[in-house]
Amino acid sequence: MLPLCMKVIAGDSSAARELEAHPVVRKMSEGMREEVQFTAEELARAAFLAADDQRFSWRRLRDNARFVTPFAAKAPTLLEGLIGRNAARASEFLATPMRADNVPVHLVCGGPWDGYVLYFDRGAELFLDIGWHADGEIDAILPGFEAVLTHELWHIAFGEHVRMRFAVDYKHAVDPATLFIYEMINEGVGHYYSMRPRLYPTISVAQFEEKQAAVFALLETSYPQLLAEKDADRRREMLWRSHAGVPFWQKWGAVPGALVVYRLVEAIGAEGVRALLAHEPFSLLIAYQDQRAAHPAWPPLPMSLVEDARRLRRRQVPGGGTASPQ
């Protein structure tokens, strides 16, 4: 798809017909339809409209043109070196190292997000949007690009881990608490990788303490609202906005989840987190709450969330045991 991205930047309207017929564009349209509805024809037409269609990012692609062009020339080669290293990192909390050599990776443009995984009959496929990533010189943007790559590889690796090792596919749970905790952990680890360049070797996020306190407070108020919501569509929208579609520090599920992972890695190491995720998603939150006795400066989770995690673990951990190291 990269040559068509370059044609869009150059204003070559013949790219519209090619985009409309391109199999990757068709996959984008098919794979995103639960969150963003559009046809391949709409995406292609929007590339050359004077007015912006907010479902797409064609203006961002053009605004970043001076960076996109050199990045697009180097990105395929860069990916060859990055995928193996980041596949290993993305599976550090899982029992089986990830093999990424059979995961299709598409470099695209015009989409609504910087990176995402879509699922088809043949399995997961990874999409990285160059218009979002290429907004500076290559050396400056590479850490962020690599962080998003690791984030998305984690989702693929975790999906396989769930399939192989979890007794229940929590992604399709009906119970709101179960589904939220699954998404908080899945997206939390992903966002931990997104944040990683700003967490190590020291935290470099501006006003980190204030932002951390605010997002945990947002979790405190939003979680009971999610459980109390009776309308299924509205509840689904709230769950979506707990990890996507809003500014980073308003992701009241994903960002606290990321900071839970960060604190636990600091306290019990990657191997401890790996043990917690062995069979279910609930033990991570329980372990964080238990560790707060030794780390009182850590922001608290809502007690109702911890209680739900304990209840769900008792019900669903194989053998009724505990995955939480004491």
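Owing to the predicted nature of the structure, the values given are computational and were not obtained by experimental measurement.

Chemist: Please clarify how the packing of aromatic side chains should be interpreted in this entry.
Modeler: Both the distance between ring centres and the angle between the ring planes are used here to describe each pair of aromatic rings. Scanning all chains against the criterion turns up 20 aromatic pairs. A ring pair is formed by Trp154 and Phe158, whose centres lie 4.7 Å apart and whose planes are at 15°; its orientation type is stacked. With Trp154 and Phe158 both in helix H8 (residues 138-165) and four residues apart, this pair spans about one turn of that helix. The same class applies to Trp154 and to Phe158, which are both buried. Judged by centre distance (5.2 Å) and plane angle (80°), the rings of Tyr170 and Phe282 are edge-to-face. Here Tyr170, found in the loop between H8 and helix H9 (176-199), pairs with Phe282, found in the loop between helix H12 (254-276) and helix H13 (283-291); they are 112 residues apart in sequence, far enough to count as distant. Both residues of the pair, Tyr170 and Phe282, count as buried. Across from the ring centre of Trp132, 3.8 Å away, lies the NZ or CZ of Arg60, which sits over that ring.

Chemist: I keep staring at the pairing of strand E2 (residues 115-120) and nothing clicks. Help me out?
Modeler: Every other side chain in a regular strand lies on the same face of the sheet, so the side chains alternate between the two faces. Of all six residues making up E2, five are buried, and the element is well covered by its neighbours. Relative to strand E3 (residues 123-129), E2 runs antiparallel, the two sharing six bridges. Opposite Val117, over in E3, you have Leu126 as the bridge partner. Here E2 hands over to E3 after two residues, the two strands then running antiparallel side by side.

Chemist: Sorry, what's going on with the state of the cysteines here?
Modeler: Two cysteines, two sulfur atoms, one covalent bond between them: this is a disulfide. Taken as a whole, this structure holds one disulfide when the rule is applied. Residue pairing for Cys5: its cysteine sulfur links by disulfide to Cys109, the two sulfurs lying 2.1 Å apart. Judged by the sign of its S-S torsion, about -100°, the bond between Cys5 and Cys109 is left-handed. Here Cys109 lies in the loop between strand E1 (105-108) and E2 and Cys5 lies in helix H1 (residues 2-10), a separation of 104 residues in the sequence.

Chemist: When you look at the confidence of the model for the chain in this model, what are you seeing that I'm missing?
Modeler: Keep in mind that low pLDDT regions are not for reading the predicted coordinates in detail. Looking at the chain as a whole, the pLDDT averages 93, with 97% of positions reaching at least 70. A low-confidence stretch, residues 318-326 (pLDDT under 50), is modelled with 16 contacts involving residues beyond four sequence positions or located in other chains.

Chemist: Looking at this structure, I do not really get helix H14 (residues 303-316). What am I missing?
Modeler: For the α-helix, the turn length of 3.6 residues means that residues three or four positions removed from each other point alike. Given a rise of 1.5 Å per residue, 14 residues ought to cover 20 Å, and the 20 Å separating the end C-alpha atoms of H14 matches this to within 8%. Among all positions in H14, only Leu305, Val306, Asp308, Ala309, Leu312, Arg313 and Gln316 are buried. Buried residues of H14 fall within an arc of 160° about the axis and therefore sit on the same side. Exposed and oriented more than 90 degrees from the buried face of H14 are Arg314 and Arg315. Against H9, helix H10 (208-228) and H13 lie the buried residues of H14.

Chemist: Any chance you could explain the environment of Arg62 here in plain terms?
Modeler: With respect to the secondary-structure elements, Arg62 resides in helix H5 (residues 58-63). Between the C-alpha atom of Arg62 and that of Gly110, which follows or precedes it by 48 residues, the distance is 9.9 Å. Look past the residues within four positions of Arg62 in its chain and what remains in contact with it is Val8, Ala47 and Phe48.

Cut-offs used in this document
Residues numbered from 1 in each chain as written. Predicted model: local features only at pLDDT ≥ 70, side-chain atom pairs only at ≥ 80, totals over all residues. Heavy atoms only, no water. Phe/Tyr/Trp six-rings, centres within 6.5 Å; stacked < 30°, edge-to-face > 60°. Helix = DSSP H or I, 4+ residues; strand = E, 2+ residues; numbered from the N terminus. Buried < 20%, exposed > 50% of the residue type's maximum accessible area, 1.4 Å probe, protein only. Lys NZ or Arg CZ within 6 Å of the ring centre and 35° of its normal. Pairing = 2+ DSSP bridges. Disulfide = S-S within 2.5 Å. pLDDT = per-residue confidence, 0-100. Contact = heavy atoms within 4.5 Å. Expected span 1.5 Å × (residues − 1). Arc of directions from axis to C-beta.

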